[in-house]
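Architecture at a glance
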Amino acid sequence: MEIKIETPATAGKTDICLIPLFAKQELPEYCRDLDSRISSLMQGSMDAGEFKGEANQTLLLATQDKIFARKILLIGLGNKDKFSARSWQLAIATALRTAQRAKATSVSLYLPDHIDKQISNLYEITIIAAYLGTYEFLEYKEKKQEQKLITSLTLLADAGSNAAAVIAKGKIIGESISLMRDLANHPSNHATPTMLAETAEKIAGEARLDCKIFNRSDLEGMNMHAYLSVSKGSHEPPKFIVLQHNKERKALPTVVLVGKGITFDTGGISLKPSKDMHAMKFDMSGGAAVLATMRAVGLLDLPLRVIGLVPATENMPGGMATKPGDIVKASNGKTIEILNTDAEGRLVMADTLVYGQKFKPDCFIDLATLTGACVIALGNEAAAVIGNDDKMIKQIEAAALKSWERVWHLPLWDDHREQVKSDVADIQNTSKGKAGTITAAAFLENFVADIPWVHLDIAGVADTSAPKPYGAMGSTGYGVGLLIRFLECFQAPETKKQEEAPVAVTAPENIVAHQPEKPAAEKKAKTRKKSSLSFG
Ligand code: BES
Ligand code: ZN
Ligand code: ZN
């Protein structure tokens, strides 16, 4: 999408001009001027009660080419006293989606002065809203070219001097969310582990990341038998994806992101029922979120070292497949009794978390469509957050408030830890208790050592079968915004800040990122202290 800013007075031609208005608001002066040229259609529809400015209400008016836009779309912002940045984002996403449905390809959006004062990152969230609202997945539609999509958005505002930079940032985040949605929406015969690996390589090229792909034989060499046990029934080769931002700058604050990358989950020998099985193409949503976030991290050039790990594989039944009761040894030496081959996510995540430890990260965040129990507990309304570090959990909650991606904290107690102990091996991949989401996390905890770690079970929020006025059905893009908001605030522990060596960094154009002050000599060896996380 091409995004530009023009002053309201010099607006160029577009198909539809979007005008946001509060309930009971008088037309602002700029609109009164426009209205006088279209026979008071705006005022008339307000007087007649056709447009009341209720939250997300829309009304399309034809201008008969008397102004710069062929149509005006009034969009309601609701009551002024209930207004928030979130209600703005939903209204704008709804308006752009409505305009796209009305076949507009170019739109302008009037940004009144007072909105700018009420919302601190107005431009950024407006751009993100535009991407969220206009997203469509048309890849497999024969008449794809005939579908009209909005390709140009003009913000009508008297913008401040750094507006262009903020727009560039909003675009990077918006595009990355759309990338995640594309990846997750592709069916599993296209979005194979190999396709994800190729996408990771493309992302690495675009966002200047380091990329390494490990194959089945590499995984065998690394003793990743928990991960391999899931791949055994499939003819699609597994691909373990490792993306790194600021790979060599080891003294920077380091975050490892892990995303479950099951490109299709049949359940394996513990076969799932066929009803709704098709939705298991979304079982790589955590992985897609990590790939897309890594793109944004690289393009924004965040002053952190970030490693994205995606264990990609199918989970299939077959002659070679793992059978219930089989025991495998994970790469940290722990033995796992696989009582249900459908609890495969925790198996691939286990070896991946062990691998992640080698980066000596300051923290781990994992995202996984891990348990049906999470959908029972929280529905499609929130992801479950579980971890071993309260401070980090609070920071994830704070990030989620900023990206409007709900999380709900669940406990992790010794009772739960007991429930994944096996009678014949060290641990088992099912639970002896009932809290399936928590015990899945209790299982994962065996593989994070003492590193601060947060697990997000996104089973209920990764995809939706219900299209909304502000968003398409299918992948929701959940997680990308949250991770970026978390990473933006993540700072080096005090001790570590001293260690970072001066490194020449050529920031790509369009980038809004703050390189940290470049301190003295780099000491490669670093010790991680638990609870040494700090955030801005
Ligand atoms: N991918 C599923 C979890 C899931 C269910 C995601 C529904 C999205 C919607 C996961 O691999 C799984 O099947 N988990 C099992 C675990 C059980 C066998 C212990 C589950 O939740 O039923
Ligand atoms: Zn499963
Ligand atoms: Zn699964």
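Residues numbered from 1 in each chain as written. Chains lettered and ligands numbered in written order. Predicted model: local features only at pLDDT ≥ 70, side-chain atom pairs only at ≥ 80, totals over all residues. Heavy atoms only, no water.

**A word on the overall build of the protein chain**
Broken down by element type, the protein chain carries 17 helices and 22 strands. Seen through its principal axes, the protein chain has C-alpha atoms that stretch 80 × 60 × 40 Å. Of all intrachain contacts in the protein chain linking residues separated by at least 6 positions in sequence, the fraction that spans at least 24 positions is 77%. Positive and negative side-chain charges of the protein chain, numbering 63 and 63 respectively, have mean locations separated by a distance of 1 Å. (Helix = DSSP H or I, 4+ residues; strand = E, 2+ residues; numbered from the N terminus. Contact = heavy atoms within 4.5 Å. Lys, Arg positive; Asp, Glu negative; His and termini not counted. Charge placed at Lys NZ, Arg CZ, Asp CG, Glu CD.)

**Let's talk about the coordination of the zinc ion (ligand 3)**
Surrounding the zinc ion (ligand 3) are the protein donor atoms Lys 260 (NZ), Asp 265 (OD), Asp 283 (OD) and Glu 344 (OE), which sit 2.0 to 2.4 Å from the metal. Geometry at the zinc ion (ligand 3) is octahedral, judged from the six donor atoms that bind it and their angles of 77 to 173° at the metal. All donor residues of the zinc ion (ligand 3) come from one chain, and their arrangement in sequence is K-x4-D-x17-D-x60-E. Here the zinc ion (ligand 3) and the zinc ion (ligand 2) are spaced 3.2 Å apart, with Asp 265 acting as a shared donor. With Asp 283 in the loop between strand E10 (261-265) and helix H10 (285-300) and Glu 344 in the loop between strand E13 (335-338) and helix H11 (345-356), the pair connects residues that are 61 residues apart, well separated along the chain. The exposure classification of Asp 283 matches that of Glu 344, with both residues buried. (Donors = N, O, S within 2.8 Å, 3.2 Å for Na, K, Ca; no water. Tetrahedral: all angles 85-135°; square planar, octahedral: opposite > 155°, others 65-115°. Buried < 20%, exposed > 50% of the residue type's maximum accessible area, 1.4 Å probe, protein only.)

**Some details on the site of ligand 1**
Neighbouring residues of ligand 1: 15 residues in total, closest Asp 265, Lys 272, Asp 342, Glu 344 and Gly 372. In the model, a nitrogen atom of ligand 1 is placed 2.9 Å from a nitrogen or oxygen of the Asp 283 side chain. Within the contact set of ligand 1, a nitrogen atom lies 3.3 Å away from a backbone nitrogen or oxygen of Thr 369. Computed on the free molecule, ligand 1 has an accessible area of 520 Å², of which 75% lies beneath the protein chains in the complex. Residue composition of the shell around ligand 1, grouped by class: four nonpolar, four polar and seven charged. (Near = heavy atom within 4 Å. Polar contact = N/O pair within 3.5 Å; in protein donor to acceptor, adjacent residues only side chain to side chain. Areas by Shrake-Rupley, 256 points an atom, 1.4 Å probe, with all protein chains shown as cover. Nonpolar A, V, L, I, M, F, W, Y, C, P; charged D, E, K, R; others polar.)

**Things to note about the coordination of the zinc ion (ligand 2)**
At 2.0 to 2.2 Å from the zinc ion (ligand 2) lie its protein donor atoms, namely Asp 265 (OD), Asp 342 (O), Asp 342 (OD) and Glu 344 (OE). If you look at the zinc ion (ligand 2), its six donor atoms make angles of 71 to 166° with each other, and the shape they trace is irregular. Here the donor residues of the zinc ion (ligand 2) are spaced in sequence according to D-x76-D-x1-E. Look at Asp 342 and you get partly exposed, because its relative accessible area is 23%.

**Quick word on the packing of aromatic side chains**
In total, this model carries eleven aromatic pairs according to the counting rule given. With 5.9 Å between their ring centres and 55° between their planes, Phe 137 and Tyr 140 make a pair best called tilted. Under the relative-accessibility criterion, Phe 137 is labelled partly exposed at 22%. Judged by centre distance (5.8 Å) and plane angle (70°), the ring pair of Phe 214 and Tyr 355 falls under edge-to-face. (Phe/Tyr/Trp six-rings, centres within 6.5 Å; stacked < 30°, edge-to-face > 60°.)

**Considerations on the packing of H10 against helix H16 (residues 480-489)**
Running from N to C, H10 and H16 point in directions that differ by 40°, and their axes come no closer than 9 Å. Judged by the inter-axis angle, H10 sits oblique to H16. When the axes of H10 and H16 are compared, the crossing they make is right-handed. Between H10 and H16, the residues in contact are Ala 289, Ala 292, Thr 293, Ala 296, Val 297 and Leu 300 and Val 480, Leu 483, Ile 484 and Leu 487, respectively. Across the contact of H10 with H16, the residue classes tally to nine nonpolar, one polar and no charged. (Axes fitted to C-alpha atoms, helices over the stretch in contact; angles between N-to-C directions. Parallel < 35°, antiparallel > 145°, perpendicular 65-115°, else oblique. Left-handed = near helix turned anticlockwise from the far one by under 90°.)

**Considerations on the domain arrangement of the protein chain**
If you check the domain split of the protein chain, you get domain 1 (2-160) and domain 2 (176-488). Just the C-alpha atoms count here: the centres of domain 1 and domain 2 sit 38 Å apart. Listed as interface residues are 19 residues of domain 1 and, on the opposing side, 15 residues of domain 2. Here domain 1 meets domain 2 over a buried area of about 1500 Å², counting both sides, of which 60% is carbon and sulfur. (Domains from an automatic or database assignment. Buried area = accessible area lost by both parts, 1.4 Å probe.)

**Here's the deal with the environment of Thr 476**
Here Thr 476 shows up in the loop between strand E20 (474-475) and H16. In this structure the C-alpha to C-alpha distance between Thr 476 and Ala 373, which are 103 residues apart in sequence, comes to 20 Å. Beyond its immediate chain neighbours, meaning those up to four positions away, Thr 476 contacts Arg 181, Val 461, Ala 462, Asp 463 and Thr 464. Only 2.7 Å separates the side chain of Thr 476 from the backbone oxygen of Val 461, close enough to count as a polar contact.

**A closer look at the sheet that holds strand E6 (residues 152-156)**
Taken in spatial order, the six strands of this open sheet run E1-E6-E5-E2-E4-E3, and their pairing is mixed. The open sheet has two edge strands, strand E1 (2-6) and strand E3 (58-62), and neither has a second partner. Each strand of the sheet is rotated relative to its neighbour by a mean of 20°, with strand direction disregarded. Where E3 lies against strand E4 (residues 69-76), five bridges are found, and the strand directions are antiparallel. (Pairing = 2+ DSSP bridges.)

**Thoughts on the sheet that holds strand E17 (residues 427-428)**
Taken together, the three strands give an open sheet; going across it, the order is E12-E13-E17, and neighbouring strands pair in mixed fashion. Across the chains shown, the open sheet's two edge strands, defined by having one partner strand only, are strand E12 (326-329) and E17. With four bridges connecting them, E12 and E13 associate as antiparallel partners. Among the inter-strand pairings, Lys 329 is bridged to a residue of E13, identified as Thr 335.

**Brief notes about the nonpolar core**
Residues Ile 241, Leu 257, Leu 291, Ile 365, Leu 456, Phe 486 and Leu 487 are the most contacted members of the largest nonpolar core, which totals 63 residues. The element best represented in this core is H10, accounting for ten residues. Core analysis: the second largest hydrophobic core is formed by 49 residues, Tyr 227, Val 348, Val 354 and Leu 378 among them. (Core = buried A, V, L, I, M, F, W, Y, C linked by side-chain atoms within 4.5 Å.)

**Brief notes about the environment of Ile 393**
With respect to the helices and strands, Ile 393 occurs in helix H13 (residues 390-403). Ile 393 sits in the buried class, given a relative accessible area of 2%. For Ile 393 and His 409, which are 16 residues apart along the polypeptide, the C-alpha to C-alpha distance reads 7.8 Å. If we skip the residues at most four places from it in the chain, Ile 393 touches Val 385, Ile 386, Gly 387, His 409 and Val 454.

**Focus: the pattern of salt bridges**
Considering all chains together, one arrives at 22 salt bridges under this definition. Between Arg 101 and Glu 136 there is a salt bridge, with its nearest N and O atoms 3.7 Å apart. With Arg 101 in helix H3 (residues 85-101) and Glu 136 in the loop between helix H5 (122-134) and E6, the pair connects residues that are 35 residues apart, well separated along the chain. The shortest N-O distance in the salt bridge between Asp 342 and Lys 272 comes to 2.9 Å. Linking Asp 342 in the loop between E13 and H11 with Lys 272 in the loop between E10 and H10, this pair joins segments that are 70 residues apart in sequence. Taken together, the shared-partner salt bridges in this structure form one network comprising Glu 124, Lys 169, Arg 485 and Glu 488. (Salt bridge = Lys/Arg side-chain N within 4 Å of Asp/Glu carboxyl O.)

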